[in-house]
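# Descriptive structure summary
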Amino acid sequence: MNGNKQQVRVWCDGCYDMVHFGHANSLRQAKAMGDYLVVGVHNDEEITKHKGPPVFTEEERYKMVRGIKWVDEVIEGAPYVTTLETLDKYDCQFCVHGDDITTTADGVDTYHIVKAAGRYKECQRTQGVSTTDLVGRMLLMTRGHQQRGDSEYKVERSRTESMSEDSAARSPWTGVSQFLPTTQKIIQFSEGKEPKPGDKIVYVAGAFDLFHVGHLDFLEKARAQGDYLIVGLHTDPVVNQYKGANYPIMNLHERVLSVLACRYVSEVVIGAPYSVSKDMMDHFKVDLVVHGATPVATDVDGEDGDPYEEPKRRNKFMVIDSGSTMTTELLVQRIISNRLSFVERNKKKEAKEANLWKAMTTDDQEK
């Protein structure tokens, strides 16, 4: 590689509210277009003005974006409309955004300036996941997204109709849930690195549903206990056994990608057993099993007793307090308590997108 080659600095920006694997996938693609990825995150005031109230606070969103493994630098309080001055200030050659449209409160494309200057590139939006869709699952208390029995890998087209009063005025970007997990996508998100000889291997397990700052803080502390962090993810029926209601909100494959995007995670076990067995510890050469400060259910997956009995017997078990008060249940409660404002937010957002889409397709037809 030529040592004189100029570093290509790439700019991305957004709300990054309820950061999910769709956000992570766009950042992964953006990073692949250059060498160094700078991500601007809008503050609460800007988002509320243009889009409506965010679910996560700005401090939570800054921390979550910093936790994504493809991100090199985070700029707090980035302007809502991307300007050439912003790109130049951070020495970024161009801006990258998904192939969906983001608009201001006035319905103006937030990237119109960088597009006109030829300093804009597009990456493919992750089909079938949006913050709007996840909020819809919580408000509707549905279970259709979960993977169960013979339908575990079945993909159905479904819409969160209650998120918009006018079901005919659909935006092509918001409110559509259609996600097909592939081994290629998992490979793209995975580090693909084996533990090195002498590495201390740490294992944690759980649902990691609606990946949030509490999970991030816990995984950062778990990783600090060793060199290689393996995360075991329970299947949807197992999670539903110990969480109840319509949990998990995100299905197994969505949760796999969300966890793999975290910079502290080395590997994921898909559909890990609830009890940490002797065979499992031996197979993965686990040196330490870590659990958070949350209660442990003792009657899951048809088994009674302590699921951590084996690592405790080996004196290889530790409880870590993440220091965060955020839980998936608190996050859902936060959304339900603000239900009306979120429904109104999504209705306005989709109407703006639908109007812009109509104008774009009319222009194309006239040409």
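An account of the accompanying structure is given in this report. On a predicted model such as this, the values are computed, not experimentally measured, just so you know. (Residues numbered from 1 in each chain as written. Predicted model: local features only at pLDDT ≥ 70, side-chain atom pairs only at ≥ 80, totals over all residues. Heavy atoms only, no water.)

### Thoughts on the overall build of the chain
Applied cut-off: Numbering of helices and strands starts at the N terminus; helices are DSSP runs of H or I of at least 4 residues and strands are runs of E of at least 2. Relative accessibility decides the category of a residue: with a 1.4 Å probe and only protein chains considered, values under 20% of the type maximum give buried, values over 50% give exposed, and everything between is partly exposed. Here, two residues are considered to be in contact whenever any of their heavy atoms come within 4.5 Å of each other.
Counting its secondary structure elements, the chain contains 14 helices and 12 strands. The 367 residues of the chain split such that 51% are buried. For the chain, long-range pairs separated by at least 24 residues make up 79% of all intrachain contacts whose partners lie at least 6 apart in sequence.

### Some words on the sheet that holds strand S9 (residues 228-233)
Threshold: Any two strands are treated as partners once DSSP identifies two or more bridges connecting them. Axis lines are fitted through C-alpha atoms, for helices just across the contact stretch, and the angle between N-to-C directions can take any value from 0 to 180 degrees.
Pairing is parallel across the open sheet formed by five strands, whose spatial order is S10-S9-S8-S11-S12. Looking along the sheet, the strands with just one partner apiece sit at the ends: strand S10 (267-270) and strand S12 (317-319). Ignoring strand direction, the axes of neighbouring strands in this sheet form an average angle of 25°. Here helix H8 (residues 213-223) sits on the sheet in contact with strand S8 (201-206), S9 and strand S11 (288-291), set at roughly 135° to S9.

### Let's talk about H8
Burial analysis of H8 places eight of its 11 residues in the buried class, which makes it a mostly covered element. Every buried residue belonging to H8 is among Val-213, Gly-214, His-215, Leu-216, Asp-217, Phe-218, Leu-219 and Ala-222, and all of these are buried. Buried positions along H8 lie against helix H3 (58-66), S8, S9, S11 and helix H13 (328-337).

### Quick word on the side chain of Thr-82
Put simply, the test is: Contacts described as polar in this section are N or O atom pairs within 3.5 Å, which, within protein, must combine one atom able to donate a hydrogen with one able to accept it, while residues neighboring in sequence count only if both atoms come from side chains.
The topology assignment puts Thr-82 in the loop between strand S3 (73-76) and helix H4 (84-89). Here the side chain of Thr-82 touches Asp-13 through a polar contact of 2.5 Å, side chain to side chain.

### A word on H3
Because each turn of an α-helix spans 3.6 residues, side chains separated by three or four positions end up pointing in the same direction. Those residues of H3 lying buried are Glu-60, Arg-61, Tyr-62, Met-64 and Val-65. The elements touched by buried residues of H3 are strand S2 (36-41), helix H2 (44-50), S3, H8 and H13.

### What to know about the layout of surface pockets
Selection rule: For cavity detection a 1 Å grid was placed over the protein atoms alone, and a set of points counts as a cavity when a 1.4 Å probe fits there but cannot get out; an open set counts as a pocket when protein lies on both sides within 12 Å along at least five of seven lines, with lining residues being those that have an atom within 4 Å of a point. Grid points are joined across faces, edges and corners, and a volume is the space filled by probe spheres set on the points. Classification convention: Asp, Glu, Lys, Arg as charged; Ala, Val, Leu, Ile, Met, Phe, Trp, Tyr, Cys, Pro as nonpolar; all other residues, Gly among them, as polar.
Estimated volume of the largest pocket: approximately 660 Å³. As for the largest pocket, its lining consists of 30 residues, of which His-215, Lys-243, His-291, Gly-292 and Thr-294 are closest to the centre. Mapped by element, the contributors of at least two residues to the lining of the largest pocket are S8, H8, helix H9 (236-243) and H13. Tallying contributions element by element places H8 first for the lining of the largest pocket, with three residues. For the lining of the largest pocket, a count of residues per class yields 13 nonpolar, 13 polar and four charged.

### Some thoughts on empty space enclosed by the protein
Counted according to the given criterion, the structure contains three cavities of 30 Å³ or more. A volume near 90 Å³ is recorded for the second largest cavity. Val-19, His-20, Phe-21, Ala-24, Met-64, Gly-67, Ile-68, Phe-211, Leu-216, Ser-258, Ala-261 and Cys-262 are the residues that line the second largest cavity.

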